[in-house]
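So the chains spell out like this:
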Amino acid sequence: MPNQTCRFLSNGYKFQITDNNKLRLMPCCKWLGSAEENPQNFQQYRTMLNQVDALTDKRCMDCAYQEEKKLRTSWRQMSFDYVPHDAVTNEAYYLEIQLDRTCNGGCIMCGPWLSTFWQKELYNKVTPINKTSREDHINLIMSSIDVSHAKQIRFLGGEPLLSNGDLQILSLVNTPEIVDLVYTTNGSIYPSDMRIELWKKFQSVRINFSVDGIGSRFNYIRYPLQWNIVVENMYKMRDKLPDNIKFSINHTANIFNLFYFDEFDQWRSENFLYDRAGKEISYNFSPASGILNPQFVSRSLLELLTEKYHKDSKVINTILSDSLNPQELMEFISQLDHRRKLDWRTVFPDIRHCFDV
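Just so we're clear, the structure is a prediction, and the values are computed from it rather than from any experiment. Positions within a chain are numbered from 1, following the residues in the order the chain's sequence is written. It should be noted that, the model being predicted, local features are given only for residues of pLDDT at least 70 and side-chain atom pairs only at 80 or more, the latter also being counted only at that level, while totals for whole chains, interfaces and linings use all residues. By convention in this description, side-chain values take in all heavy atoms of the structure and omit both hydrogens and water.

Q: I'm lost on the layout of surface pockets in this one. Help?
A: One way to see where empty space is left: roll a probe the size of a water molecule over the atoms. Both site types are read off a 1 Å grid over the protein atoms alone. A 1.4 Å probe that fits but cannot get out defines a cavity, while an open set with protein on both sides within 12 Å along at least five of seven lines defines a pocket; lining residues have an atom within 4 Å of a point. Grid points are joined across faces, edges and corners, and a volume is the space filled by probe spheres set on the points. Computed from the structure, the second largest pocket encloses a volume of approximately 240 Å³. As for the second largest pocket, its lining consists of 15 residues, and the residues nearest its centre are Arg206, Lys246, Phe247, Lys279 and Ser282. Numbering of helices and strands runs from the N terminus; a helix is a DSSP stretch of H or I covering at least four residues, while a strand is a stretch of E covering at least two. Put simply, the parts of the chain that give the lining of the second largest pocket at least two residues each are strand S5 (180-185), strand S6 (204-210) and strand S7 (245-253). In terms of residue class, the lining of the second largest pocket is built from six nonpolar, three polar and six charged. Side-chain classes are defined by residue name, with Ala, Val, Leu, Ile, Met, Phe, Trp, Tyr, Cys and Pro counting as nonpolar, Asp, Glu, Lys and Arg as charged, and the others, Gly among them, as polar.

Written out as structure tokens, the structure is:
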């Protein structure tokens with residue numbers, strides 16, 4: 001019987017590559033607890049997870065925060081859509097696959113742990129993921145769990161459309177007609193003909209675009225990607241791809257783009273609100289983690305945001321405290337701008353005074 005407070009705890013599988021090329025298992029990408037790296041202990045680990053109360057356990061704080069602030073549908077809430085009440089504990093109904101760091105972006109919220117662009121920029125010593133090790137991990141996943149019950153498979157990166165790990169996994173799915181696929185992509189890569197043909201076999205495919213701003217603000221946040229190229233790809237995919245392919249947008253809020261959320265929302269409303277069948281394109285609003293976490297802002301930024309946005313807006317609900325000391329943030333951004341020959345003050349001029357140190 002699945003976990004009654006979150007069915008991903010009993011029936012969700014997130015596989016992620018580690019810095020030393022080992023395979024980690026968690027119930028989902030929002031889990032704040034430990035992961036299991038030994039395939040022989042996977043079932044024991046799952047038994048432990050099924051005892052967790054997602055409503056009270058601190059390791060499930062991210063979902064509790066999302067639900068309390070009404071920012072988006074939480075992973076816990078989604079779990080009831082993908083795992084039926086009569087599922088058997090440990091059966092894999094939901095999979096997240098993150099086996100490749102290959103990425104052409106150096107997003108300011110990311111780092112070398114998930115991006116080869118960042119690794120090259122910082123001369124990072126993260127162990128490269130070669131083709132052989134990736135195939136070994138795929139074989140291990142497919143031999144360790146039964147995916148015949150899977151209802152949704154998510155592919156994360158890096159940039160998942162830059163590698164072919166997903167094609168290897170999908171070719172081994174025997175019941176594609178009952179499976180929904182989800183890809184989180186930066187929008188810079190148009191899918192190949194081979195991938196599109198494979199997608200046609202599946203019940204649905206959702207392309208989840210990461211858009212955290214428009215124009216120069218997108219270019220800064222998702223450096224070195226260019227807004228004009230990405231948005232052209234988005235329009236082309238929306239208008240040309242097969243009917244079983246759907247779209248959504250993930251807007252990752254960070255401390256710099258909170259003030260400019262209205263720009264993104266206006267662009268979305270005017271240009272990317274509906275697909276060609278007339279169905280509304282959904283979007284998710286998720287706070288960034290790490291040093292750019294928008295939950296903690298300076299007092300002057302909070303005053304600006306309060307003047308601009310309604311007290312019940314997603315922007316205001318994101319914030320937990322106005323106690324930010326911007327010194328560490330400014331040191332990080334100064335180093336970033338120096339390396340990339342950029343200047344955040346010209347990209348976000350309305351809030352530049354909010355980070356004086």
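Picking up where we left off.
Q: Would you mind going over empty space enclosed by the protein with me for this structure?
A: Applying the stated rule across the entire model yields three cavities of 30 Å³ or more. Its boundaries defined by the atoms lining it, the largest cavity holds a volume of some 130 Å³. In terms of lining, the largest cavity is formed by 15 residues, of which the most central are Leu99, Leu156, Ser163, Gly165 and Asp166. Among the elements of the structure, helix H6 (131-144) and helix H7 (165-170) are those that each provide at least two residues to the lining of the largest cavity. Its residues assigned to classes, the lining of the largest cavity shows seven nonpolar, four polar and four charged. Considering only enclosed or pocket space, the second largest cavity measures out at about 90 Å³ in volume. Looking at the second largest cavity, the residues that line it are Cys6, Phe8, Leu9, Pro27, Cys28, Lys30, Trp31, Ala54, Arg59, Cys60, Cys63 and Arg76. Taken together, the residues of the lining of the second largest cavity break down into nine nonpolar, no polar and three charged.

Q: I keep staring at the pairing of strand S2 (residues 23-26) and nothing clicks. Help me out?
A: Remember that side chains alternate between the two faces of the sheet whenever the strand is regular. Sheet topology places strand S1 (residues 12-17) next to S2; four bridges connect them, and they run antiparallel. Bridge assignment links Ile17 to a residue of S2, and that residue is Leu23. Note on pairing: DSSP must find at least two bridges between two strands before they are called paired. Linking S1 to S2, which pair antiparallel, is a turn of five residues; within it Asn21 sits at a positive phi near 70 degrees.

Q: Sorry, what's going on with the packing of aromatic side chains here?
A: Centre-to-centre distance and the angle between the planes together describe a pair of aromatic rings. Geometry of aromatic contacts follows a simple scheme: Phe, Tyr and Trp rings, the Trp one being its six-membered ring, pair when their centres are within 6.5 Å, and the pair is stacked under 30 degrees between planes, edge-to-face over 60, tilted otherwise. Applying the stated criterion across every chain, the model contains 24 aromatic pairs. An aromatic cluster is defined as three or more aromatic residues linked by ring pairs; in this entry it consists of Phe209, Phe218, Trp227, Tyr235, Phe247, Phe261, Phe264, Trp267, Phe272, Tyr283 and Phe285. The cationic tip of Lys236 hangs over the ring face of Tyr190; the distance from NZ or CZ to the ring centre is 4.4 Å. Seen from the ring of Phe259, Lys308 lies directly overhead, with NZ or CZ sitting 3.8 Å from the centre. Any Lys NZ or Arg CZ that is within 6 Å of a ring centre and within 35 degrees of that ring's normal is treated as a charge sitting over the ring.

Q: How should the environment of Ile145 be read in this particular structure?
A: Checked against the element boundaries, Ile145 lands in the loop between H6 and strand S4 (152-155). Among the residues examined, Ile145 registers a relative accessible area of 9% and is labelled buried. Any two residues whose heavy atoms approach within 4.5 Å are treated as being in contact. Sequence-distant contacts of Ile145, defined by excluding residues within four places in its chain, comprise Tyr13, Phe15, Ala92 and Leu95. Whether a residue is buried, partly exposed or exposed follows from its accessible area with a 1.4 Å probe, protein chains only, as a fraction of its type maximum: under 20%, in between, or over 50%, in that order.

Q: Mind showing me how you'd approach helix H4 (residues 75-82) here?
A: Two residues of an α-helix separated by three or four positions point the same way, owing to the 3.6 residues in each turn. Every buried residue of H4 is accounted for by Trp75, Arg76, Met78, Ser79 and Tyr82. Axial view of H4: buried residues confined to an arc of 155 degrees, hence all on one face. Those residues of H4 hidden inside the fold are in contact with helix H1 (7-11), helix H3 (61-69), strand S3 (94-98), S4 and S5. Arc, as used here, means the arc of the directions from the helix axis to the C-beta atoms.

From the geometry alone we can't say anything about function, so treat these as descriptive.
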